[in-house]
Amino acid sequence: MLLYDLIEKCSYRDEYQKEHEQCEDCSYGDCCPRDCQSCLQYVHFPQNAPAPRKYDCIHMADCYYCKYAYKYASEMVYGLSCFAEIRDKKKLKIMSVGCGPCTELAAVDYLRNEGVLNYDQLDYRGIDPLGEVWQPIWNDIIDYFGDGIRFYPNDILQLVDIIVQKKWVPDVLIFQYVFSDMYKHSDEKQIVQFIDKLASFLNSYNQEPIYILCNDINLSKSMGGGREFFDLLESKIQTPKIVKPKMKKKDIEIPETTDFSPKAFKKLQRELALARAEIAYLKELEALDRQKQRQKKEKSLKD
């Protein structure tokens, strides 16, 4: 699966860098802690950083994927399993805004292996302004899937006018931690303009439904998040529907329209925990299999 393939490649590159006291092309200069995980903490908790830190290092990107891919892929597995109408599409079109290392593709590949998605052709458009940082991972993804995968190293604010021309319309539009990031780095008026254009496009497109999957931190603007922008987008979309999966054991059933009452929200949390546990279990099986292969190889060399 893509998840295991990328973990292996990112881990190899990350391990190679540990042979040096500092990455040969480090972008953090004298402030480098000589540990990519520490750099990630500086990005996420800038108050603890000796100097401003941002995602501008390909070595940190490899470390990022190894550290967070299972978590974010499990969130995407849960979200994508809500969308019943995409399951039997033979040509599945996905656009991801703020795609980063594309953990949603790991989820898509996993769901296809599980028989939940049954596409024959995958068309994917990933948009992220940090293309230079994620490029090695993007190259690995293209090698894995082949044709149909395209990346745009641009800011979504620059591309929204092209998207709404309807030349290529996705079945699923994914926002990966976008609004919280936009709120940190963009003018709020620009964000509202973006939402207005996107909502206008969605309301004018009256052919097949477009599913929107928003995955972000659950914090308001006052707490450094951007949760209000999701409410704003929903308020501008005509007759939006909220869906959630009905799960029975391992079977994923057709989702139903629902409200998010406290009881329903607790059930969602339990189902998300189950999805994460399942991927963690698969990770353990993969590790055991690799261990057995290494032991078998070492035994053959001794003989």
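Residues numbered from 1 in each chain as written. Predicted model: local features only at pLDDT ≥ 70, side-chain atom pairs only at ≥ 80, totals over all residues. Heavy atoms only, no water.

Caption draft 1: Spotlight on the packing of aromatic side chains. Tallying each qualifying case throughout the model produces 18 aromatic pairs. Aromatic pair Tyr 144 and Phe 145: ring centres 5.1 Å apart, planes at 80°, arrangement edge-to-face. Taking the relative accessible area as the measure of exposure, Tyr 144 reaches 32% and is therefore partly exposed. Between Phe 175 and Phe 194, the ring centres sit 6.2 Å apart and the planes meet at 75°, which makes this aromatic pair edge-to-face. Highlighted residues: Phe 175 in strand β4 (residues 172–176) and Phe 194 in helix α8 (residues 188–204), separated in sequence by 19 residues. (Phe/Tyr/Trp six-rings, centres within 6.5 Å; stacked < 30°, edge-to-face > 60°. Buried < 20%, exposed > 50% of the residue type's maximum accessible area, 1.4 Å probe, protein only. Helix = DSSP H or I, 4+ residues; strand = E, 2+ residues; numbered from the N terminus.)

Caption draft 2: Summary view of a nonpolar patch on the surface. Among the surface-exposed residues, Ile 217, Leu 219 and Met 223 lie close enough to one another that they form a single nonpolar patch of about 260 Å² accessible area. Here Leu 219 lies in the loop between β5 (211–215) and α9 (227–236). Under the relative-accessibility criterion, Leu 219 is labelled partly exposed at 33%. (Patch = residues over 30% accessible without salt bridge, like charges linked within 9 Å, V, L, I, M, F, W, Y side chains within 5 Å. Areas by Shrake-Rupley, 256 points an atom, 1.4 Å probe, with all protein chains shown as cover. Salt bridge = Lys/Arg side-chain N within 4 Å of Asp/Glu carboxyl O.)

Caption draft 3: Structural detail: the sheet that holds β4. The parallel open sheet is built from five strands, whose spatial order is β3-β2-β1-β4-β5. Of all strands in the sheet, those bounded by a partner on one side alone are β3 (149–152) and β5. Shown here is a sheet whose adjacent strand axes are inclined to one another by a mean of 15°, direction ignored. Bridge count between strand β1 (residues 91–97) and β4: four bridges; the pairing is parallel. (Pairing = 2+ DSSP bridges. Axes fitted to C-alpha atoms, helices over the stretch in contact; angles between N-to-C directions.)

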